[in-house]
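What follows is each chain in one-letter form.
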Amino acid sequence: MDVRVAIHTIWKQAVNVFFPIECAGCSKEGEWLCNACIGKIVFNNDFVCPLCGHFSFQGNTCFSCLKHSRLNGAWILGKYNDIMRTCIKHLKYYGIRDISLHLGNLMIKYLDSHFIKDNFDIIIPVPLHKRKELLRGYNQSYLLAQHVSEYYAMVFDNVSLVRKKYTQSQTKKGREKRLADLKNVFYVKNPSAISGKRILLIDDVLTTGATLSECAQALSSANAKSVWGFVLAKG
Ligand SMILES: [Zn+2]
Ligand SMILES: [Zn+2]
C-alpha cells in the first residue's frame, strides 16, 4: 500500500473514533444517512415548469417561460421536507461531502424510474465560483453529478461551463435582484465540447430557476442541442 494511502486511512480511522459518523437525520452511528431516514425522503412526482411553477408535462419549461429562457425543463427529485432540508444543509454547510453518495443514489433511482438517462450525452454540475469552491472545499453539485455520471458511464464535464462572477448567496434576495445578479455569470470555455450535445445540468436546490436558466443560456449560445436541469429539491 502506498504510504500516503496508509497514512490517510489511519487518519480517517482516528477521526472516526473522535467524531463518529452519524446519520444527519436521526444521529444513529455508522452512516451519514441511515436507511430509515432515506425512507423519509419523498420523491416528487408532480411535474412543474421550473421557472413559473405551473403544472407542465414531464417538467418541460412552459411555452410562456420559453419566450425568455433556453432551459428546456427540469426535474425535482424530492419534496423539500425536514429530512431533505437537513441533508442539503449537511452537504452544503456542514462539510459532510459523503452524504452526496446517498443523495446521488436517490438521483439515480429517480432517473431510472422515469426512464430519463438515455436522453442525455453529457452531465454538467452547476459550477461554483472558484472562490466559493475554495472556501467550501468542494462543489456539492460536482459531487452529485460525478456520482450519477459514474453510475451510467456518461460523459462528465466539469470544465466547459464556468462561473465567472462571484455572487453572494441568492437565497435571501428578491426575484428581480436575483435575475439581474445572474446575468452573464456563466460562459462556456470550449464550445466544441457542448455543440450538438444534450445536456443534463445538476444542482442542489432550485429556487426561481434563474441559475439553471442562465447556465442554459450560456450552453445554448455554444449550440447545445438541449439543456435540462435536475435538482434535489425546490426551495
Ligand atoms: Zn437516520
Ligand atoms: Zn413557466
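Look up: the structure comes first, before these words.
Residues numbered from 1 in each chain as written. Chains lettered and ligands numbered in written order. Predicted model: local features only at pLDDT ≥ 70, side-chain atom pairs only at ≥ 80, totals over all residues.

Draft legend 1. Geometry of the overall build of the chain. Looking only at helices and strands, the chain has nine helices and seven strands in total. Seen along its three principal axes, the alpha-carbon backbone of the chain occupies a region of about 55 × 35 × 35 Å. Buried positions account for 40% of the 235 residues belonging to the chain. Long-range pairs, those at least 24 residues apart, make up 69% of the contacts in the chain with a sequence separation of at least 6. (Helix = DSSP H or I, 4+ residues; strand = E, 2+ residues; numbered from the N terminus. Buried ≥ 20, exposed ≤ 12 C-beta atoms within 10 Å, placed from the backbone. Contact = placed C-beta atoms within 7 Å.)

Draft legend 2. Summary view of helix 9 (residues 210-221). Compared with the 16 Å implied by 1.5 Å per residue over 12 residues, the 16 Å span of helix 9 between its first and last C-alpha is a close match. Buried within helix 9 are the following residues: A210, T211, L212, S213, E214, C215, A216, Q217, A218 and L219. Phi for N223, located one or two positions after helix 9, is positive at around 70°. (Expected span 1.5 Å × (residues − 1).)

Draft legend 3. Here's a closer look at helix 5 (residues 99-113). Taking 1.5 Å as the rise per residue, helix 5 with 15 residues should run 21 Å; its terminal C-alpha atoms sit 21 Å apart, in good agreement. Buried residues of helix 5: I99, S100, H102, L103, G104, M107, Y110 and L111, and no others. In this structure, the buried side of helix 5 is in contact with helix 2 (35-38), strand 1 (73-78), helix 4 (82-92), helix 7 (140-152) and strand 7 (226-234). At the C-terminal side of helix 5, F115 shows a positive phi close to 50°.

Draft legend 4. Representation of unusual backbone geometry within the structure. Of note in this structure, Q58 is not a glycine but carries a positive phi near 55°. Among the secondary structure elements, Q58 is positioned in the loop between helix 2 and helix 3 (63-66). Given 9 C-beta atoms within 10 Å, Q58 falls into the exposed group. The backbone phi angle of N223 is positive, close to 70°, even though this residue is not glycine. Turning to its location among the elements, N223 is positioned in the loop between helix 9 and strand 7.

Draft legend 5. The arrangement of the nonpolar core in detail. If you look at the biggest cluster of nonpolar residues, it comprises 56 residues, and the most contacted ones within it are A74, C87, I199, L201, I202, C215 and L219. Here I202 is in contact with I123, P125, V126, S141, L144, A145, V148 and F230, once residues within four sequence places are set aside. (Core = buried A, V, L, I, M, F, W, Y, C linked by C-beta atoms within 7 Å.)

Draft legend 6. The sheet that holds strand 7, seen in detail. With respect to topology, five strands assemble into an open sheet ordered 1-7-6-2-3, the strand pairing being parallel. Of all the strands in the sheet, the pair left with one neighbour each is strand 1 and strand 3 (155-156). Running at roughly 160° to strand 6 (residues 198-206), helix 9 makes contact with strand 1, strand 6 and strand 7 of the sheet. (Pairing = 2+ DSSP bridges. Axes fitted to C-alpha atoms, helices over the stretch in contact; angles between N-to-C directions.)

Draft legend 7. Inspection of the packing of helix 5 against helix 7 at higher detail. Helix 7 packs onto helix 5 with a crossing angle of 50° between their chain directions and a minimal axis gap of 9 Å. On the basis of the axis angle, helix 5 is oblique to helix 7. Considering only the axes of helix 5 and helix 7, their crossing is right-handed. Facing S100, L101, L103, G104, M107 and I108 of helix 5, the residues of helix 7 in contact are Q140, L143, L144, H147, V148 and Y151. The class makeup of the residues in the contact of helix 5 with helix 7 is eight nonpolar, four polar and no charged. (Parallel < 35°, antiparallel > 145°, perpendicular 65-115°, else oblique. Left-handed = near helix turned anticlockwise from the far one by under 90°. Nonpolar A, V, L, I, M, F, W, Y, C, P; charged D, E, K, R; others polar.)

Draft legend 8. Here's a closer look at the pairing of strand 2 (residues 122-125). Of the two faces of strand 2, the one lined by I122 and I124 and the one lined by I123 and P125 are each fully buried. Sheet topology note: the strand 2/strand 6 ladder contains four bridges and is parallel. Counted as the bridge partner of P125 is I202 from strand 6.

Draft legend 9. Structural view of the packing of helix 4 against helix 5. For the pair helix 4 and helix 5, the least separation of the axes is 9 Å and the interaxial angle reads 130°. Taken together, helix 4 and helix 5 sit at an angle that is classed as oblique. The crossing of helix 4 and helix 5 is left-handed. Contact with helix 4, carried on its side by C87, H90 and L91, involves I99, S100 and L103 of helix 5 and no other residues of that element. Residues of the contact of helix 4 with helix 5, tallied by class, amount to four nonpolar, two polar and no charged.

Draft legend 10. The arrangement of the environment of N72 in detail. Mapped onto the elements of the fold, N72 is located in the loop between helix 3 and strand 1. C-beta crowding within 10 Å serves as the criterion here: with 21 such atoms nearby, N72 is assigned to the buried category. Considered as a pair, N72 and W228 are 156 residues apart in the sequence and their alpha carbons are 5.5 Å apart. Residues within four places of N72 in sequence aside, it is in contact with N60, T61, S226, V227 and W228.

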